[in-house]
Amino acid sequence: MKMKSLLSVSLVLTALTSCQEQKSDKPNILFILVDDMQSDAIAALGNKDVYTPNIDKLVHEGVNFTRTYTNGALCGALSMPSRAMLMTGRGVFEVQSDGMKIPENQITLPEQLQKNGYRTFATGKWHADKASFGRSFSEGENIFFGGMHPYEMNGHCEPRLHHYDPEGKFDEEPFVGKEFSSKMFADAAVDFLNSTSDNKQPFMAYVAFTSPHDPRISLPDYGKKYLDGDVSVPDNFLPEHPFDNGELQIRDEMVLPAPRTPEQLKHELALYYGMVSEVDVQIGRVLEALDESGNRENTIIVFASDNGLAMGQNGLIGKQSLYDHSVGVPMLIIDPRKPQQGRKTDALCYLYDLYPTLCELVGVEIPSSVTGRSLKPVLDDSTAQHREDLFFIYSNQQRALLKENYKYIIYNVEGKITEQLFDLKNDPGELVNLAETEKEKAQAYKALLNQRMQENHDFCNLDNPLWWKDAHKLTWEECQTLYLFDK
């Protein structure tokens, strides 16, 4: 009888041990990143024109960081430095060649997770070098190396993709995807999540969509379609920008050349919202697969965009500016261990602060190469603040500082200086320039901006009338040499 009791206890202990082996003790991470999405292009955040039911569910479930920004860029392809900053947890002057290459001494987030026992999977856009992708991910499928799907190659309808290469070389010619880009990426994510149902090993799934970035020449069959009359013109719409900001002739601005009419903008917005809604459908498929895998209750979900985009606001239709519509991004975190039920925080933060935040949430050491600040205190305390101010840069022609409810922007276009000061609380559209009427505040913000620039190893100097060299616009060749800070 005693022998039978001991045997029963042994079987129970064996079963418990087996269950513990089956279940990971660390949370999984599902990181969903979209491309060129305005921070307010979400129904649950107040946009009455757009339909985003799946993103809305995330908004209602997580903590929404309503004042999240990218640090800026040296060149026109903002997603390249933004994604490099996100992956390395470093600022714009701390990534190499504007994010085109991630050197080995900058340990990426998935690389650090992989070193700590995580399966790391990626699908979609990787806007840096292939070697850094190979170091970062142990698995992947339908991988896109580049910035956008070219118009001349049928855009999103025929994406040029790669299968995962275990050697990390990816030197074979890309294959042509047979489905819309978002569906190709969601298909790969769904297949991966289906493989995680046993949950023996924690995972990070990085799902990096290229939508709603243009081309918007053809929308897929799925998703809500919008008529021009379905959408409204933004309150801060202008036919053209009031002065030369140094980037009025860039490719993005030529998608719909200025001056623009409200009717033209409504048509472009209808297409843009169509792209937002189609990627929302595919996000829904990914979330459904996570549910079916049985891992939802142990998975931290992050949703964000790499940068914003102007859609007629301030007379622009690109993203090469320092207005909120372009440097501001949507960002939320869902931690199932601490339900937050749609809480919003106005704590100032950079997108690249996500790296140390996720490390801290899953109990992984933050590498010394990371300079971002963890947002965990904000997640734990609804009254906590994060950064006192933020600074933004674009090329060598635009600099800005955000503090409290004011933003100061200064431009130097071939030696011509223009200043702006906006009261964001009363003028969220950034239309009323207070730089002349509130000169003292503008100068105080300029002084603090100059200080932040020096602290962050900016190559420009506001005390120099030309800022940098002879004030010519920074070229891509020069941009690649401006890796100024190493740690």
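The structure presented is a predicted model; accordingly, all values stated were derived computationally and were not measured. (Residues numbered from 1 in each chain as written. Predicted model: local features only at pLDDT ≥ 70, side-chain atom pairs only at ≥ 80, totals over all residues. Heavy atoms only, no water.)

Draft legend 1. How the structure looks around the overall build of the protein. Each helix and strand in the protein was counted, giving 13 helices and 18 strands. Whereas a compact globule of 487 residues would reach a radius of gyration of roughly 23 Å, the protein reaches 23 Å, a difference of no more than 12%. A total of 487 residues make up the protein; the buried ones form 59% of that total. In the protein, the proportion of contacts linking residues at least 24 apart, taken out of those at least 6 apart, comes to 69%. For the protein, the computed accessible surface area is about 19,700 Å², with 51% contributed by carbon and sulfur atoms. (Helix = DSSP H or I, 4+ residues; strand = E, 2+ residues; numbered from the N terminus. Rg over C-alpha atoms; globule rule 2.2 N^0.38 Å. Buried < 20%, exposed > 50% of the residue type's maximum accessible area, 1.4 Å probe, protein only. Contact = heavy atoms within 4.5 Å. Areas by Shrake-Rupley, 256 points an atom, 1.4 Å probe, with all protein chains shown as cover.)

Draft legend 2. Structural view of the confidence of the model for the protein. Of all residues in the protein, 94% attain a pLDDT of 70 or more, and the chain-wide mean is 93. Contacts for the low-pLDDT stretch residues 1–21, under 50 throughout, to residues beyond four places or in other chains number one contact. (pLDDT = per-residue confidence, 0-100.)

Draft legend 3. Just the nonpolar core, in detail. F31, F65, W126, Y206, M331 and I333 are the most contacted members of the largest nonpolar core, which totals 94 residues. Ranked by the residues each element gives to this core, the list is headed by helix α10 (residues 354–362), at six residues. What I333 contacts, discounting residues up to four positions off in sequence, is G62, V63, F65, I300, I301, V302, L354, T357, L361 and L379. If you look at the next biggest cluster of nonpolar residues, it comprises 48 residues, including A188, A189, V190 and L193. (Core = buried A, V, L, I, M, F, W, Y, C linked by side-chain atoms within 4.5 Å.)

Draft legend 4. Summary view of the packing of aromatic side chains. Enumeration over the complete set of coordinates arrives at 22 aromatic pairs. Ring geometry for F121 against F192: centres 4.4 Å apart, planes inclined by 10°, an arrangement best described as stacked. Of this pair, F121 sits in strand β5 (residues 119–126) while F192 sits in helix α6 (residues 181–194), placing them 71 residues apart in sequence. One exposure class covers both F121 and F192, and it is buried. Look at W126 and F137: their rings are 5.6 Å apart centre to centre, the planes differ by 85°, and that puts the pair in the edge-to-face class. (Phe/Tyr/Trp six-rings, centres within 6.5 Å; stacked < 30°, edge-to-face > 60°.)

Draft legend 5. Molecular detail of the sheet that holds strand β3 (residues 68–69). Taken in spatial order, the three strands line up as β11-β3-β14 in an open sheet, and their pairing is mixed. Strands with a single pairing partner mark the edges of an open sheet, and in this sheet they are β11 (328–329) and β14 (349–350). Where β3 and β11 come together, two bridges link them in antiparallel fashion. Across the sheet, T68 pairs through a bridge with V329, a residue of β11. (Pairing = 2+ DSSP bridges.)

Draft legend 6. Representation of the environment of N47 within the structure. Position of N47 relative to the elements: it lies in the loop between β1 (28–34) and α2 (53–61). The buried category is assigned to N47, whose relative accessible area is 12%. Apart from residues lying up to four places away in sequence, N47 is in contact with D40, A41, I42 and Y273. Within the structure, N47 has its side chain in polar contact with the side chain of Y273 (distance 3.2 Å). (Polar contact = N/O pair within 3.5 Å; in protein donor to acceptor, adjacent residues only side chain to side chain.)

Draft legend 7. Up close: the pairing of strand β17 (residues 406–413). The buried count for β17 comes to eight of eight residues, which makes it a mostly enclosed element. The alternating pattern of β17 places Y406, Y408, I410 and N412 and K407, I409, Y411 and V413 on opposite faces, both of which are buried. As paired elements, strand β16 (residues 398–403) and β17 share six bridges and run antiparallel to each other. Residue pairing in the sheet places Q398 in a bridge with Y411 of β17. Of the strand pairs in this sheet, β17 and strand β18 (residues 416–423) are connected by eight bridges, and their pairing is antiparallel. Paired with K407 across the two strands is F422, which belongs to β18. Between β17 and the antiparallel strand that follows it, β18, lie two residues; E414 among them carries a positive phi value of about 55°.

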